[in-house]
Amino acid sequence: MQEAELTAATRIEAGRSYGFFTDTTVCIGCKACEVACKNWNGVGVDGLEWSGNSYDNTGDLGAQTWRHVAFVEQNKALWHGQTQRWLMMSDVCKHCTRAGCFDACPTGAIIRTEFDTIVVQSDVCNGCGYCVMACPYGVIELDLGGSGLAQKCTLCYDRLRGGLEPACAKACPTDSIQFGPLDALVERAVDRTVALRHQGIEDAYLWGLDEHQAGGLNAFFLLVDEPEVYNLPRSGTDPADFVAESAWRTTVAALLLGLFTILNFLRAGHDA
Amino acid sequence: MPNDHQPPTLGDYPTYYDKPALKSGHWRWLIIGYFWAGGMAGGSYLLAMIAHLFGDEADRPIARWGRYIAVVMGAVVSPVLLIWDLGKPSRFYNMLRIFKPRSPMSVGTWGLLTFSFFSGMSAFLQAARDGLLRPFGPLARLGKTLPFIPFESIGAFFGLFMSGYTGVLLSNATVPLWAKSYKTKGATFLSSALATASAAITLLMALTDNETPRAIRRLHHVQRGAMIVEGALIAHEVHHLGPLRGYLLRGKVAPHFYSALLCGLVLPLLMRSPRSRAGRILKALLTLVGGFLYRTSAVMGGHASAEDPQAIFYHSDPRRD
């Protein structure tokens, strides 16, 4: 028996798609996910500074931060006469279906695993940094202060292979972070959204399942405000989808400029 | 549910404490230098091949200096800059594990490698003919007997590749300013590379007193044509950027952009074809500096747009399509 069957009610098998459903409405901002992630994956401290941005002293996802809890304090007209609320959301790598980092990587260091997750092989990555500029969500980053290599969430690849659910999901005390097979997660997330709307939280919606979010994301979120409020864009592209057009246009331009240069040399030229 | 109807204007999106929503790249002087040197190398190689194949006796200096610039900038300076930039220089050869058409970085690595071979061959043959290889006896004799054409007729295509692919590399990213010009950036970099290559060959011809009036005139015409195309493409890109053009025209990148236009396009075009050698040297230097500044503004403008969450929220808002 796998441990994941006890802690996440799922059996982890190669060949199925796994992901995270992060239900931000039950996040309490305890940052247990951040701690569990750092602890299990051995990623280091990346600054202990008071940001002044609510309780968010972590800042953002990066080479050394693979889970990041965002805190948004709001004063505005809300449902049932409420005027104040505190949004909390544990952000993570989205493990895109059309992953920009995966396509951009020139060494093959970034792979799609048997669990349909995206992982950087640190012994193959050579630190070129092109993946950083191809990520639509600002997740992957070069560890410039350390290894110099690209680093990000692995969706606990090693734990999945050992039949354990990812550290952050296991540590989450409110099940705001849920791990499981993607199809089951989506079903659960849709039910939860419908239930919330039924309870009067009409702003509840799922972010990350649409095609225009990099082909659909394995890590998706239940949000109650505009995506930008959580620092998420309204759509995400895989830049590699534009390479073919970019390349043929450049080729045409190259041939025209080459032809122009040849013509210059063919001109009967005693004009100097 | 999020608001599905009215997209805000640039600057009016809600943000998360104004923190970036993208990670900006680490590309600085090494990569900007590579875009400049690699483009110049490719253009020089193309000019050398065309001058050799389609020109006559008076165009010889173009072929000679074109070959030398191509090998120094393409096969020496470019790889050094790129490998230096890697966080793990010792692992640069991991690039050679695979060939991946969807990754401009992978295609570019193989293109640069192939170009290095061809530019090395051409320079070897040229050096043998120039008598520089005399100490190496048999090697010099081999270099003198091998013809240029078989190498250069193929290598010229890799020269064009070197000049243009960096535009594809740059614009196929999620960085708003770059992504917005993915259709034209290759052509812009190409025309700029042809202009800097013409300038570099003109400069070396002038400095070594190895020039003919015909060769000077040819390069002047090529450079003028390339700069007119480049100027038109830059104008189109700036227009196409819409409100995002602010990251180029205002702020800390603006001085680079405007001086790139001044040094790289306006002044060289106004100088036309200088009669004095000093004038030709000045024009060539201005063009070279302008080409470097243009790449600086393109790269750093992209970083500025990646660091501002407004830019990516605006750029990636499907309500505006």
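For the structure itself, consult the block above.
Residues numbered from 1 in each chain as written. Chains lettered and ligands numbered in written order. Predicted model: local features only at pLDDT ≥ 70, side-chain atom pairs only at ≥ 80, totals over all residues. Heavy atoms only, no water.

A. Here's a closer look at the overall build of chain B. When its secondary structure is counted, chain B shows 12 helices and 0 strands. Of the regular secondary structure in chain B, the N- to C-terminal order runs α-α-α-α-α-α-α-α-α-α-α-α. Projecting the C-alpha coordinates of chain B onto the three principal axes gives extents of approximately 75 × 50 × 25 Å. Residue burial in chain B is summarised as follows: out of 321 residues, 60% are buried. Working note: accessible area of chain B is about 12,600 Å², and carbon and sulfur atoms make up 66% of it. (Helix = DSSP H or I, 4+ residues; strand = E, 2+ residues; numbered from the N terminus. Buried < 20%, exposed > 50% of the residue type's maximum accessible area, 1.4 Å probe, protein only. Areas by Shrake-Rupley, 256 points an atom, 1.4 Å probe, with all protein chains shown as cover.)

B. Representation of the interface of chain B and chain A within the structure. With 74 residues of chain B in contact, the opposing surface of chain A contributes 88 residues. Carbon and sulfur atoms supply 61% of the area buried between chain B and chain A, which totals about 6,400 Å² over both sides. Our count for the chain B to chain A interface comes out at 4 salt bridges. In this structure, the salt-bridge partner of R102 of chain B is D238 of chain A, at a minimum N-O distance of 3.4 Å. Counting across the chain B and chain A interface gives 31 residue pairs in polar contact (both at pLDDT 80 or more). Counting only elements with at least two residues in the side of chain B that touches chain A, the list comes to α1 (29-54), α2 (60-85), α3 (104-129), α5 (149-171), α7 (185-207), α8 (213-240) and α12 (309-315) of chain B. Residues that form the side of chain B that touches chain A fall into these classes: 40 nonpolar, 19 polar and 15 charged. (Contact = heavy atoms within 4.5 Å. Buried area = accessible area lost by both parts, 1.4 Å probe. Salt bridge = Lys/Arg side-chain N within 4 Å of Asp/Glu carboxyl O. Polar contact = N/O pair within 3.5 Å; in protein donor to acceptor, adjacent residues only side chain to side chain. Nonpolar A, V, L, I, M, F, W, Y, C, P; charged D, E, K, R; others polar.)

C. Main features of the packing of aromatic side chains. Inspection of every chain in the model, using the stated rule, returns 27 aromatic pairs over all chains. Ring geometry for Y13 of chain B versus F313 of chain B: centroids 6.3 Å apart, planes at 50°, classification tilted. Residue Y13 of chain B is found in the segment before α1, and its partner F313 of chain B is found in helix α12; the two are separated by 300 residues along the sequence. Taken individually, Y13 of chain B and F313 of chain B each receive the classification buried, so the pair is uniform in this respect. Three or more aromatic residues joined by ring pairs form one cluster here, namely Y130 of chain A together with W27, Y34, F35, W178, F189 and Y294 of chain B. Over the face of the ring belonging to W40 of chain A we find R159 of chain A, whose NZ or CZ atom lies 4.6 Å from the ring centre. (Phe/Tyr/Trp six-rings, centres within 6.5 Å; stacked < 30°, edge-to-face > 60°. Lys NZ or Arg CZ within 6 Å of the ring centre and 35° of its normal.)

D. Quick peek at empty space enclosed by the protein. A complete count under the given rule lists 13 cavities of 30 Å³ or more for this structure. Considering only enclosed or pocket space, the largest cavity measures out at about 130 Å³ in volume. Lining the largest cavity are 17 residues, with D60, L61, H68, D91 and N231 of chain A positioned closest to its centre. Within the residue set of the lining of the largest cavity, elements represented by two or more residues are β2 (67-75) and β3 (84-92) of chain A. Classifying every residue of the lining of the largest cavity by side-chain character gives 9 nonpolar, 4 polar and 4 charged. Approximately 110 Å³ is the volume attributed to the second largest cavity. Forming the boundary of the second largest cavity are 13 residues, of which K185, E237, L241, L248 and Y294 of chain B lie nearest the centre. Mapped by element, the contributors of at least two residues to the lining of the second largest cavity are α6 (176-179), α8 and α11 (277-307) of chain B. Split into classes, the residues belonging to the lining of the second largest cavity amount to 9 nonpolar, 2 polar and 2 charged. (1 Å grid on protein atoms, 1.4 Å probe; cavity = no way out; pocket = protein on both sides within 12 Å on 5 of 7 lines; lining within 4 Å. Points joined across faces, edges and corners; volume = space filled by probe spheres on them.)

E. Fine view of the pairing of β3 of chain A. All names here are of chain A. By the criterion of burial, β3 is predominantly enclosed, with 7 of the 9 residues buried. The sheet contact formed by β2 and β3 spans 9 bridges and is antiparallel. Bridge assignment links R67 to a residue of β3, and that residue is V92. (Pairing = 2+ DSSP bridges.)

F. A look at the nonpolar core. If you look at the biggest cluster of nonpolar residues, it comprises 106 residues, and the most contacted ones within it are W27, F35, L47, I62 and W178 of chain B. Here this core gets 14 residues from one element, more than from any other, and that element is α1 of chain B. Not counting the four nearest positions on each side in its chain, W27 of chain B is found in contact with C128, Y130 and M133 of chain A together with F35, M105, L169, L170, W178, V299, M300 and H303 of chain B. C27, A99, A150 and L182 of chain A belong to the second largest nonpolar core, which has 71 residues in total. (Core = buried A, V, L, I, M, F, W, Y, C linked by side-chain atoms within 4.5 Å.)

G. Just the sheet that holds strand β1 (residues 18-23) of chain A, in detail. All names here are of chain A. The sheet built from 4 strands is open, its strands ordered β8-β1-β10-β9 with mixed pairing. Because the sheet does not close on itself, it has two edges, and the strands there are β8 (177-181) and β9 (205-207). Each neighbouring strand pair of the sheet contributes to a mean axis angle of 25°, computed without reference to strand direction. Sheet topology places β9 next to strand β10 (residues 219-223); 3 bridges connect them, and they run antiparallel. Each residue of the ladder has a partner; that of Y205, found in β10, is L223. Its contacts with the sheet place helix α7 (residues 182-198) against β1, β8, β9 and β10, and it is angled at close to 135° to β8. (Axes fitted to C-alpha atoms, helices over the stretch in contact; angles between N-to-C directions.)

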